[in-house]
Amino acid sequence: MEMRAREETGLAQDLTPYIPPIAAALHDSFLPSHCTSCFRPFQQQNCSATPLSCPACDAAVRYCSLACSAADSIPHASSGECLLLSLRPLNSGPTSDLRAALRLLYSLDALGLLTPPRRGESPRRIGGLLAGDLENVLEEGGEVAERIREGGSLISRARNRKRARDERRDGAVAVVEEEALLAVLTNAVEVQVSERGALGIAVYGPPFSWFNHSCAPNACYRFELADLSKGTGSCEPGSFRVSPAGTEDASAMWKALNYGEGGASHVLFLGLCRYGPRVIVRSIKPITEGEEVCITYTDLLQPKAMRHLDLWSKYQFVCCCERCSASQEMYIDRLLNCYARDLDLDNSDSRDAGCEELADMLDQAISEYTSDDDPESCCHKLESMLSGSYENKRFQADNPSESKFRLHPCHHLSLNAYIILASAYRTCANSLLTTGLGENNNLEFFKMVRAAAAYSLLLAGATHHLFLSEPSLIATTTHYLISAGESILSIVQSPPWGSTGPIYKSEICWAVHHSPNTSKEGSALLGDKFKAAPVRFLGCTSSILLHSWPFLAQGFCYLESIRSPIDFSWLDLDMVRSQTFAVGRDTTNFAKPECSECKYQAEMSIEKERKGLFQLAVHCLIYGSYLASICFGPRNYLTDHVKELLHGGLNSH
């Protein structure tokens, strides 16, 4: 099954209308604070002081309004979700996938789409959803098989019925509850509508689930919660810019599910999941008529071998997209995967003993951080790993026979280390805050927040460098830029410096005035500005970083060895020049930027550092917000978050 464009579509265009879920379930940790029906937090609703709840499951499921309660109470009770919560209390293990499977079975049964397996049917589909090869999965064993067996048993008991078994041609048995759980594990997506992370999971029908994976996708997706004051929304077939393609079975199934004529199925889904989170697919590259539209199922910042391992373990397929099957390794994979000493060589192999040793060190440090709650030890080990394995290419010629593995700043192990270090240093800073900031703690706290901001910026800069050659990294780059901006802003507002004060509001006004706008521009004009925006951002920030980066990096050996956290053209100038960049211009121009509009001035005082950092934070946030509008539309939770950071935070002072 696949989805193809019905017409030529430009950058930053919605390809589907709001698609309602077949089933959705909050993660356990959000059940006390969010409405099970609409996923909205209770404090944002005009509801009573005490949310409505289900007494039968000890108030585990709660609603923000009578409308949400009326819409969801029957599916909650009739699906068996209520009974499941008594069979498996929330403190005994996660239940979101089990609850989603119960709701999926209820929805498909209500629609008459819960059919028994047909002889020779492979792979198995339930209501158009890929349910995979259950027998194979169970035979292979492992964590997933154990999860399905245990979960299938609980789901069966919750539905208050015997385990329904259907004989297959080979004499093996298939359990509908286990198939439903496998369908959830295969098709469910994490619902993220705020910076707090995923609220829960949702399963969508063929209008979304039939979008295939690519490691260089041309589309992404966003979620929107139903606005109860405006009704439940619609999902009209005519508003799709994509249509199913592939086998005759795909077209027949699409028609059988009534997505193509009259749209009966999605209307019914809308009634069953009346206020559930909707998903919208949006283009992140120009798409030609008839071109397949793909999203990604995995982390695009991992090398090919790791992406394939992840995709096979979760979905049982080998990716053959243009990035994976390219005869000559793409620039992004070359940087993610090769030694610093081998950037000029072809067919470098990262399965070196040195690389494996560093990967083990990274895993051990992460384990200490997450399991032993020891961020300081984690930081020490990762700093040692990076400092011991990094050497600028300019100095490698002195030791051409050196066999030690050398990480460069854009290697996938480096990127993973930056993520952990930014988080671990932030945790260290928060620990100091809780113990109180005396004179000594004050200096240590400031050092920790500097390190957290520096690694966040380095992660954003390295990812942005890769994004220049592969635009499908736009969503990842967006998140890292905004995170870096927020982290830098926290330094400016940290206790040693106090509030930002009103003097910086002019910087925000300038940045907002000069930032691109996606809401009022046609696709062609948007495309031109999209190509120019990275050049402008890199020019402005390069100017600021001449003074601000040494301040952020001071006292950290590895960070001090990095000349610039955003300019990595030195990695391989010949390779950079030979690339046909899809975004921006030749990155070799970024080292000596021209930025006449930037307001940065060298001031011989501590206020110079503070003001420079504030300008750096504003540029990261505004540029990140612009990229977010490309991925997720002019109004989304990331752009709202940036506005709150830049305006709400200052207004509070």
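This structure is a prediction, so every number in the text was calculated from the model and none was measured. (Residues numbered from 1 in each chain as written. Predicted model: local features only at pLDDT ≥ 70, side-chain atom pairs only at ≥ 80, totals over all residues. Heavy atoms only, no water.)

Peer 1: So what about the overall build of the protein chain? Which residues, and what values?
Peer 2: The number of helices and strands found in the protein chain is 22 helices and 15 strands. The buried share of the protein chain, reckoned over its 653 residues, is 55%. The contacts of the protein chain with a sequence gap of at least 6 include a subset with a gap of at least 24, amounting to 75%. Here the protein chain has roughly 28200 Å² of accessible surface; of this, 49% comes from carbon and sulfur atoms. (Helix = DSSP H or I, 4+ residues; strand = E, 2+ residues; numbered from the N terminus. Buried < 20%, exposed > 50% of the residue type's maximum accessible area, 1.4 Å probe, protein only. Contact = heavy atoms within 4.5 Å. Areas by Shrake-Rupley, 256 points an atom, 1.4 Å probe, with all protein chains shown as cover.)

Peer 1: Please provide a residue-by-residue account of the environment of aspartate 133, values included.
Peer 2: Mapped onto the elements, aspartate 133 comes out in the loop between strand 6 (129-132) and helix 4 (134-140). For aspartate 133, a relative accessible area of 37% puts it in the partly exposed group. Placed 183 residues apart in sequence, aspartate 133 and glutamine 316 show a C-alpha to C-alpha distance of 9.2 Å.

Peer 1: Let's hear about the environment of leucine 108: which residues, and what values?
Peer 2: Structurally, leucine 108 is set in helix 3 (residues 96-110). Between the alpha carbons of leucine 108 and alanine 23 there is a distance of 9.5 Å; along the sequence they are 85 residues apart. With sequence-adjacent residues up to four places away left out, leucine 108 is seen in contact with Ile22, Leu113, Leu114, Ile126 and Gly127.

Peer 1: Break down the pairing of strand 10 (residues 198-204) for me, citing the residues and quoting the values.
Peer 2: For strand 10, the tally of buried residues reaches 7 of 7 residues, placing the bulk of the element in the interior. The pairing of strand 2 (residues 21-26) with strand 10 spans 5 bridges and is antiparallel. In the sheet register, alanine 24 faces strand 10, and the bridge partner there is alanine 202. Relative to strand 10, strand 9 (residues 189-192) runs antiparallel, the two sharing 4 bridges. Within the sheet, the bridge partner assigned to glutamate 190 lies in strand 10 and is isoleucine 201. (Pairing = 2+ DSSP bridges.)

Peer 1: Break down unusual backbone geometry for me, with residues and values.
Peer 2: In most cases, non-glycine residues show a negative phi, while peptide bonds are predominantly trans. Positive phi, normally seen in glycine, also occurs at alanine 12, with a value near 60 degrees. Within the secondary structure, alanine 12 is located in the loop between strand 1 (2-5) and strand 2. Non-glycine residue phenylalanine 39 carries a positive phi angle of around 70 degrees. Tracing the sequence through the fold places phenylalanine 39 in the loop between strand 2 and strand 3 (52-53).

Peer 1: Break down helix 16 (residues 474-492) for me, citing the residues and quoting the values.
Peer 2: When the terminal C-alpha atoms of helix 16 are compared, their 27 Å separation across 19 residues agrees well with the 27 Å that a helix rising 1.5 Å per residue should span. Residues Ile474, Thr477, Thr478, Leu481, Ile482, Ala484, Gly485, Ser487, Ile488, Leu489, Ile491 and Val492 constitute the buried set of helix 16. (Expected span 1.5 Å × (residues − 1).)

Peer 1: How would you explain the sheet that holds strand 10 if you had to name every residue and give the values?
Peer 2: Taken together, the 3 strands give an open sheet; going across it, the order is 2-10-9, and neighbouring strands pair in antiparallel fashion. Edge positions in the sheet fall to strand 2 and strand 9, since each of these pairs with one other strand and no more. Each strand axis lies, on average, 35 degrees off the axis of its neighbour in the sheet, ignoring direction. Here helix 3 sits on the sheet in contact with strand 2 and strand 10, set at roughly 155 degrees to strand 2. (Axes fitted to C-alpha atoms, helices over the stretch in contact; angles between N-to-C directions.)

Peer 1: Kindly report on the nonpolar core, identifying the contributing residues and their values.
Peer 2: If you look at the biggest cluster of nonpolar residues, it comprises 103 residues, and the most contacted ones within it are Leu386, Tyr425, Tyr455, Leu457, Trp549 and Leu552. Sort the elements by how many residues they give to this core and helix 15 (residues 439-467) lands first, with 16 residues. Ranked by size, the runner-up nonpolar core spans 28 residues in total, among them Leu15, Phe208, Val279 and Val281. (Core = buried A, V, L, I, M, F, W, Y, C linked by side-chain atoms within 4.5 Å.)

Peer 1: Quick one: what's the story with the pattern of salt bridges, residue by residue and with numbers?
Peer 2: Scanning all chains against the criterion turns up 19 salt bridges. Among the salt bridges present, the one from arginine 88 reaches glutamate 150, with a minimum N-O distance of 3.9 Å. Residue arginine 88 is located in the loop between helix 2 (81-87) and helix 3, and its partner glutamate 150 is located in helix 5 (residues 143-158); the two are separated by 62 residues in the primary sequence. Look at glutamate 150 and you get partly exposed, because its relative accessible area is 44%. Its salt-bridge partner being aspartate 97, residue arginine 147 comes within 2.8 Å of it at the nearest N-O pair. Taken together, the residues arginine 147 in helix 5 and aspartate 97 in helix 3 connect sequence positions 50 residues apart. Using a relative accessible area of 41% as the deciding quantity, one classes arginine 147 as partly exposed. Several salt bridges converge on common partners, so that one network encompasses Asp28, Asp72, Glu81, Arg99 and Arg103. (Salt bridge = Lys/Arg side-chain N within 4 Å of Asp/Glu carboxyl O.)

Any functional reading would require information that these geometric values do not contain.
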